[in-house]
Amino acid sequence: KGLKQLFIINNSVKDISYLKGLINLEILYLYRGKVSNIRALTKLKKLKILNLTSNPVKDISPLSQLTNLHSLWIGRTHIEDISALKYLQSLRMLNLSYTKVKDIKPLKDLINLKELYINKTQITDLYPIKKLEQLEILWLGETGVKDISPLIPLKSLQILDIHKTQVIDILPLKELINLKTLN
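Residues numbered from 1 in each chain as written. Predicted model: local features only at pLDDT ≥ 70, side-chain atom pairs only at ≥ 80, totals over all residues. Heavy atoms only, no water.

### A few points about the overall build of the chain
Then, in step 1: Per the secondary structure count, the chain includes zero helices and nine strands.
Then, in step 2: The N-to-C order of helical and strand elements in the chain reads β-β-β-β-β-β-β-β-β.
Then, in step 3: In summary, the chain has a C-alpha radius of gyration of 17 Å against a globular reference of 16 Å for 183 residues, a match within 12%.
Then, in step 4: Each of the three principal axes of the chain carries a C-alpha extent, and together these read 55 × 25 × 25 Å.
Then, in step 5: The buried share of the chain, reckoned over its 183 residues, is 48%.
Then, in step 6: In the chain, of all internal contacts separated by at least 6 residues, the share reaching a separation of at least 24 is 10%.
Then, in step 7: When the accessible surface of the chain is split by element, carbon and sulfur atoms take 51% of a total near 9200 Å².
Then, in step 8: Charge-centre separation for the chain: the mean point of 28 positive side chains lies 8 Å from the mean point of 16 negative side chains. (Helix = DSSP H or I, 4+ residues; strand = E, 2+ residues; numbered from the N terminus. Rg over C-alpha atoms; globule rule 2.2 N^0.38 Å. Buried < 20%, exposed > 50% of the residue type's maximum accessible area, 1.4 Å probe, protein only. Contact = heavy atoms within 4.5 Å. Areas by Shrake-Rupley, 256 points an atom, 1.4 Å probe, with all protein chains shown as cover. Lys, Arg positive; Asp, Glu negative; His and termini not counted. Charge placed at Lys NZ, Arg CZ, Asp CG, Glu CD.)

The structure is reproduced here in structure tokens:
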């Protein structure tokens, strides 16, 4: 029960119900597994870092109770609905890459986000993130994004990936005074 970090990587584990007793966990990596049901995670209130990359997870609603999370990897999962994330005000890093996510409105009030990875998603509208003024890294390559003008207020943005998007007008980028890397 005193375990603070747990790494279960490249495995065939499906059932993680046994994790609910590990209430002191702060870091949990369930990377490249077979986990689809994450309800057991609701008891892990001390979690700060969670990596669920490459698992067949569809429902992330249990994550809404993990308000201490500051880093969350849920890329390469089967998620579409990210509404549970709106409660995670402590999030500083979020990876949604390679998912079927279309709507990022639930992220609009996550003002502590510094890194956001939404590449290879079905996102087309960036307006929901225009108030995320602390954002420093944004990857949105290989999306349906056409308009990057919502990024104008993001003066902290340092790294921006827009490769293989439908962006035609890059003039709004001149407003990003701290931009160091553009792909």
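The discussion continues.
### Here's the deal with the pattern of salt bridges
Then, in step 1: Summed over the entire model, instances satisfying the criterion amount to seven salt bridges.
Then, in step 2: Note that Lys108 is salt-bridged to Asp109, the shortest N-O span being 3.0 Å.
Then, in step 3: When the shortest N-O distance is used, the salt bridge between Lys114 and Glu136 registers 3.8 Å. One end of the pair, Lys114, is in the loop between β5 (93-95) and β6 (115-117); the other, Glu136, is in the loop between β6 and β7 (137-139), and 22 residues separate them in sequence.
Then, in step 4: One salt-bridge network, held together by shared partners, links Lys108, Asp109 and Lys131. (Salt bridge = Lys/Arg side-chain N within 4 Å of Asp/Glu carboxyl O.)

### A look at the packing of aromatic side chains
Then, in step 1: Throughout the structure, instances matching the rule amount to three aromatic pairs.
Then, in step 2: Between the aromatic rings of Tyr117 and Trp139, the centroid separation amounts to 5.4 Å while the plane-to-plane angle is 70°, which identifies the pairing as edge-to-face. One end of the pair, Tyr117, is in strand β6; the other, Trp139, is in strand β7, with 22 residues separating them in the sequence.
Then, in step 3: Taking relative accessible area as the criterion, Tyr117 reaches 14% and is therefore assigned buried.
Then, in step 4: Pairwise contacts between aromatic rings join Phe7, Tyr29 and Trp73 into one cluster.
Then, in step 5: Positioned above the aromatic ring of Tyr98 is the side chain of Arg76, whose terminal nitrogen or guanidinium carbon lies 3.8 Å from the ring centre. (Phe/Tyr/Trp six-rings, centres within 6.5 Å; stacked < 30°, edge-to-face > 60°. Lys NZ or Arg CZ within 6 Å of the ring centre and 35° of its normal.)

### Describing the environment of Asp81
Then, in step 1: On the secondary structure map, Asp81 appears in the loop between β4 (71-73) and β5.
Then, in step 2: Residues Asp81 and Leu69, 12 residues apart in the sequence, show an inter-C-alpha distance of 18 Å.
Then, in step 3: Among the polar contacts listed, one links the side chain of Asp81 to the backbone nitrogen of Ser83, at a separation of 2.9 Å. (Polar contact = N/O pair within 3.5 Å; in protein donor to acceptor, adjacent residues only side chain to side chain.)

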